[in-house]
Amino acid sequence: MTTLDAPTEVVPFGDLEIRWDRRVLQPRLWTTAQSHWAAALSPQCPEGPILELFCGAGQIGLLAAGLTGRTLVQVEQDLVAAAYARRNAAAAGLTSEVRVGSVAGALDPDEQFGLVIVDPPWVATADVDQFPDDPVLAIDGGIDGNDQLVSGIGTALRHLHSHGHAVVQVGDAEQADLVRALLSGPGGGRLPWTVLEVRDYSPGGFLVDIGPEGSPVD
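Throughout what follows, the structure given in this document is the object of discussion.

### As for the environment of Gly114
Phase 1: Here Gly114 shows up in strand E6 (residues 113–118).
Phase 2: For the pair Gly114 and His163, spaced 49 residues apart in sequence, the C-alpha separation works out to 7.0 Å.
Phase 3: Those residues within four positions of Gly114 in sequence are excluded, and the remaining contacts are Cys45, Pro46, Pro49, Leu160, His161, Gly164 and His165.

### Details of the sheet that holds strand E9 (residues 206–212)
Phase 1: Spatial ordering of the open sheet is given by E5-E4-E3-E6-E7-E9-E8, a layout of 7 strands whose pairing is mixed. The open sheet has two free edges, formed respectively by strand E5 (96–100) and strand E8 (193–200), since each of these has just one partner strand. In this sheet, adjacent strand axes meet at a mean angle of 15° when their direction is disregarded.
Phase 2: Both strand E4 (residues 72–76) and E5 contribute to a ladder of 5 bridges, which runs parallel. In the strand pairing of E5, Gln74 is matched with Val98.
Phase 3: On the sheet, helix H6 (residues 173–184) packs against strand E7 (160–170), E8 and E9 and is oriented at approximately 170° with respect to E8.

### So, unusual backbone geometry
Phase 1: Along the chain, Ser202 connects to Pro203 via a cis peptide bond; the corresponding omega equals 10°.
Phase 2: Within the fold, Pro203 resides in the loop between E8 and E9.
Phase 3: The phi angle at Phe54 is positive, at roughly 60°, despite the residue not being glycine.
Phase 4: Topologically, Phe54 is positioned in the loop between strand E3 (50–53) and helix H2 (59–68).

### With respect to the side chain of Thr155
Phase 1: Looking at where Thr155 falls in the secondary structure, it is placed in helix H5 (residues 147–159).
Phase 2: Once residues within four sequence positions are removed from consideration, Thr155 is found in contact with Leu53, Val103, Ala104 and Leu107.

### Some remarks on the packing of helix H1 (residues 32–41) against H2
Phase 1: Put simply, H1 and H2 touch, their axes get as near as 8 Å, and they point 35° apart. Pair H1 / H2 crosses with right-handed handedness. For the pair H1 and H2, contact is made by Thr32, Gln34, Ser35, His36, Ala38 and Ala39 and by Gln59, Ile60, Leu63, Ala64, Leu67 and Thr68, respectively.
Phase 2: Along the lines of polarity and charge, the residues of the contact of H1 with H2 split into 6 nonpolar, 6 polar and no charged.

### Quick notes on the pairing of strand E1 (residues 9–13)
Phase 1: Two elements, E1 and strand E2 (residues 16–20), share 5 bridges in a ladder whose sense is antiparallel. If you follow Glu9 over to E2, its bridge partner there is Trp20.
Phase 2: Where E1 hands over to E2, the hairpin turn is made up of 2 residues, of which Gly14 adopts a positive phi near 60°.

### Observations concerning the layout of surface pockets
Phase 1: Put simply, the largest pocket is a space of about 840 Å³.
Phase 2: Every residue lining the largest pocket is counted, 42 residues in all, and those nearest its centre are Leu25, Pro120, Trp122, Ala138 and Ile139.
Phase 3: Breaking the lining of the largest pocket down by element, the ones donating at least two residues are H2, helix H4 (136–139) and H6.
Phase 4: Counting residues per element, the lining of the largest pocket draws most heavily on H4, which supplies 3 residues.

Cut-off values and rules
Residues numbered from 1 in each chain as written. Predicted model: local features only at pLDDT ≥ 70, side-chain atom pairs only at ≥ 80, totals over all residues. Heavy atoms only, no water. Helix = DSSP H or I, 4+ residues; strand = E, 2+ residues; numbered from the N terminus. Contact = heavy atoms within 4.5 Å. Pairing = 2+ DSSP bridges. Axes fitted to C-alpha atoms, helices over the stretch in contact; angles between N-to-C directions. Left-handed = near helix turned anticlockwise from the far one by under 90°. Nonpolar A, V, L, I, M, F, W, Y, C, P; charged D, E, K, R; others polar. 1 Å grid on protein atoms, 1.4 Å probe; cavity = no way out; pocket = protein on both sides within 12 Å on 5 of 7 lines; lining within 4 Å. Points joined across faces, edges and corners; volume = space filled by probe spheres on them.

In structure tokens:
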């Protein structure tokens, strides 16, 4: 069992107080925008829990859950971060099932969600030294920074309701274009979703809304 015995810090995140320590990724306040965008899309989405992939200490999904009244399923591969996600959910009085494992293996094949949040590591391996305060596991996206993004999008789409939305965090405009390319699929593709909108929160990152063709843009 993972113990939270390192010095704990508290950061405000929307109306939540999120606990974390230096073994996990520090919550970024700009990412409250991801929670609020998911909440704004929620009325358009089928009912049921929110799925959050790469949840870290849980703050983005928890704020979205508090704003929408939905429960959560959160997936995180790091034991310490997952323990904080559970602790933060309990402190906020929110219902979250936190699953420890890879995003590709933590869900049952038939599970489906109307609203998905994806927060993958998106820093290229060669660049992680530029962020010495951040745990490598939480930010390393592979050689070009895209490995976890591609994996997360694949999992999200396998479990996204055809009328649902996924709000995805990426590092830059090129990765937003990669999301578009993944949605187009080989040979033009026949997926029921498209990239509806991209929002620039530089220098923090970008957010991408994946949703059904013809959906209104919030």
